[in-house]
Structure formats: C-alpha cells, structure tokens
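# Observations on the model geometry
The chain contents come next:
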Amino acid sequence: MSVERFFEQSKRKIVITGHYGSGKTELTVSLAMQHAENSTEKLAVIDLDVVNPYFRSRERREELNAAGISVYGSLYDTEITAEMPALGATVRAPLEDSACRVLVDAGGNDSGALVLNQFMKYFTDGDTTVVAVLNANRPETRDIRGATEHISAIEAVTGLTISGIVNNCHLLRETTADTVIKGHKLCQSLCEESGKELLCDCYPSGIVDPDDLSGLSDNLVPMSLYMRPAWLDK
C-alpha cells in the first residue's frame, strides 16, 4: 500500500489519534510530506495537540510550508514554545474548504482528543476518517485489552467512531522488522475482534528494509523521522 492508496481510501478530513508516544505526529507529518510530493491536491495540517508540549507537528511548520502544506493550530503561530492552550480562529478555514485535504493531529489519549469536541460540527461521518495509531511497545497499548480500552476512551469523549487502525510499533532507530511484525499481529487481532480496518503497517524508512516485511501485508507505509532530533540518539 502506497501513501497515495492511504489517501484514496480515506475521506477529505483525516483525524489521527493515538496514545502519547504512538507516533501519531510523526505519521501526520510523514503522510503530509509524501502526499505533497505526489499530488497537486491542496493540503493542510491542523495541529490540535495543545496538551502535550512535546513533538508537535507545528514544530515542522517551516518544512511543511516549503512543501506547499498549510499548517494551522496554536494561536501563537510564530512561537512554538508558547504552551498556552489556545487555538487560532484560522483552524476552521481548511475544515470549511471543500477543496482542501486535511490531516488533523489530535492530542494524545482521550484527554488530548477532547480538544476535538469544539470542532465537532466539522467532523461528520460523510467526510471524516478517524484513525488510531497503535504502538505495541507502549505499556498502555501492548495487548488487546489495553488497546481496546484506549480506543474506547477516545471514542467516548469525542463521540467519533475510529474506523481505521495504523500499526506503528517502533523503537525509534532501534526498530527492526520483528518490531513491525509484532505490532501487526496485535493490530490484526484487534481488528478481528472489533471489526475495524487495519489501514497500514508503518516502518521507519532507511532503518527497516521493506523486503524484510514481504508477505506481512500489502499495506506498508514508510515513515521518516521528522520529529526525532538526531542528537537525542548520540
């Protein structure tokens, strides 16, 4: 599965949720950057993560803008270090623009996803796909019970139905093919029990060889480490 197939199977607005550390922000940025390379479609990223001060998609505003991707979110557009939980009024612009594809980076967990509620009128079943990113290496989502409780909590506070699951089991630069396979098994079992769809298996580009994942599924999506500063691994 290419990134473009991911977009073809999704509706105009894609809400990406997930546990803290699941990699939802990395997925948001990677999907946006790859889609911008292959499509002329108008594209915007909305960063609604005003709860967690770490690894926010708006931190990559410069790179995203350079790729032709508009970024919306914090009221403090020019100051990413400001942690006041304030959203700019312009957030509504891409949601109301029927010609614009929108990726929404929701806050982590049910508490972070709660921010979605103030924009609920824009997220209808007809034009919104809600995705949950799961990392089987996170203690809270390492088994079906934990993953199910996590997804149910997000659905309960937002009133949205998560239809797609993304496997992003990783160990940053220590990720191996076995890491991805471990996550795939968990997500596959979860989907079989819940009736949700496993949209894709992510792997870190340049770290895991996709040939080593041959036969896992036809839903392989490469991810770049935009949000991980190289100095953290030295």
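These remarks concern the structure in this document. All figures in this text were calculated on a predicted structure; none of them were measured in a lab.

Procedures and definitions
Residues numbered from 1 in each chain as written. Predicted model: local features only at pLDDT ≥ 70, side-chain atom pairs only at ≥ 80, totals over all residues. Heavy atoms only, no water. Helix = DSSP H or I, 4+ residues; strand = E, 2+ residues; numbered from the N terminus. Buried < 20%, exposed > 50% of the residue type's maximum accessible area, 1.4 Å probe, protein only. Contact = heavy atoms within 4.5 Å. Areas by Shrake-Rupley, 256 points an atom, 1.4 Å probe, with all protein chains shown as cover. Pairing = 2+ DSSP bridges. Axes fitted to C-alpha atoms, helices over the stretch in contact; angles between N-to-C directions. Core = buried A, V, L, I, M, F, W, Y, C linked by side-chain atoms within 4.5 Å. Salt bridge = Lys/Arg side-chain N within 4 Å of Asp/Glu carboxyl O. Polar contact = N/O pair within 3.5 Å; in protein donor to acceptor, adjacent residues only side chain to side chain. Phe/Tyr/Trp six-rings, centres within 6.5 Å; stacked < 30°, edge-to-face > 60°.

With that settled, the discussion passes to the overall build of the protein chain. Assigned secondary structure in the protein chain consists of seven helices and eight strands. In the protein chain, which comprises 234 residues, the share counted as buried stands at 53%. Of the contacts formed within the protein chain by residues at least 6 apart in sequence, a portion of 74% connects residues at least 24 apart. Just so you have it, the protein chain exposes about 10,500 Å², and 49% of that area is on carbon and sulfur atoms.

Let us now look at the sheet that holds strand 2 (residues 42-47). Taken in spatial order, the eight strands make up an open sheet running 3-2-4-1-5-6-7-8, and their pairing is parallel. Both outer strands of the open sheet, strand 3 (70-72) and strand 8 (220-223), are each paired with one neighbouring strand and no more. Strand-to-strand twist of the sheet, defined as the mean angle between neighbouring strand axes without regard to direction, takes the value 25°. Examined bridge by bridge, strand 2 and strand 4 (residues 100-105) share six bridges and lie parallel to one another. Looking across to strand 4, one finds that Asp-47 is bridged to Asp-105.

Core analysis: the largest hydrophobic core is formed by 30 residues, its most contacted members being Ile-46, Leu-48, Val-104, Leu-116, Phe-123 and Ile-165. For this core, the elements supplying multiple residues, two or more each, are strand 2, strand 4, strand 5 (128-134), helix 6 (144-158) and helix 7 (177-194).

For the structure shown, the criterion picks out seven salt bridges. Close ionic contact of Asp-127 with Lys-13 constitutes a salt bridge, the shortest N to O distance being 3.0 Å. Here the residue Asp-127 occupies a position in the loop between helix 5 (109-113) and strand 5, and Lys-13 occupies one in strand 1 (residues 13-18), the gap between them amounting to 114 residues. When sorted by exposure, Asp-127 lands in the same class as Lys-13, which is buried. Residues Lys-24 and Asp-105 are paired through a salt bridge, measuring 3.0 Å at the closest nitrogen-oxygen approach.

You can see Asn-137 is positioned in the loop between strand 5 and helix 6. For Asn-137, a relative accessible area of 27% puts it in the partly exposed group. Separated by 42 residues in the primary sequence, Asn-137 and Thr-179 have C-alpha atoms spaced 8.5 Å apart. Not counting the four nearest positions on each side in its chain, Asn-137 is found in contact with Cys-169, His-170, Leu-171, Thr-179 and Lys-182. A polar contact of 3.3 Å, which involves the side chain of Asn-137, links it to the backbone oxygen of His-170. Here Lys-182 takes part through its side chain, which lies 2.6 Å from a polar atom of the side chain of Asn-137.

One pass over the full model with this rule turns up one aromatic pair. Look at Phe-6 and Phe-7: their rings are 5.9 Å apart centre to centre, the planes differ by 75°, and that puts the pair in the edge-to-face class. On the basis of relative accessibility, which here comes to 1%, the residue Phe-6 falls in the buried class. Residue Phe-7 is classed as buried on the basis of its relative accessible area of 1%.

It is worth spelling out the side chain of Thr-28 at this point. Structurally, Thr-28 can be placed in helix 2 (residues 24-38). Looking at Thr-28, the relative accessible area reads 0%, which means it is buried. Engagement of the side chain of Thr-28 in a polar contact is seen with the backbone oxygen of Lys-24, the distance being 2.8 Å. If we ignore the near neighbours within four places in the chain, the residues touching Thr-28 are Ile-16, Val-45, Leu-103 and Asp-105.

What is shown is where atoms sit, not what they do.
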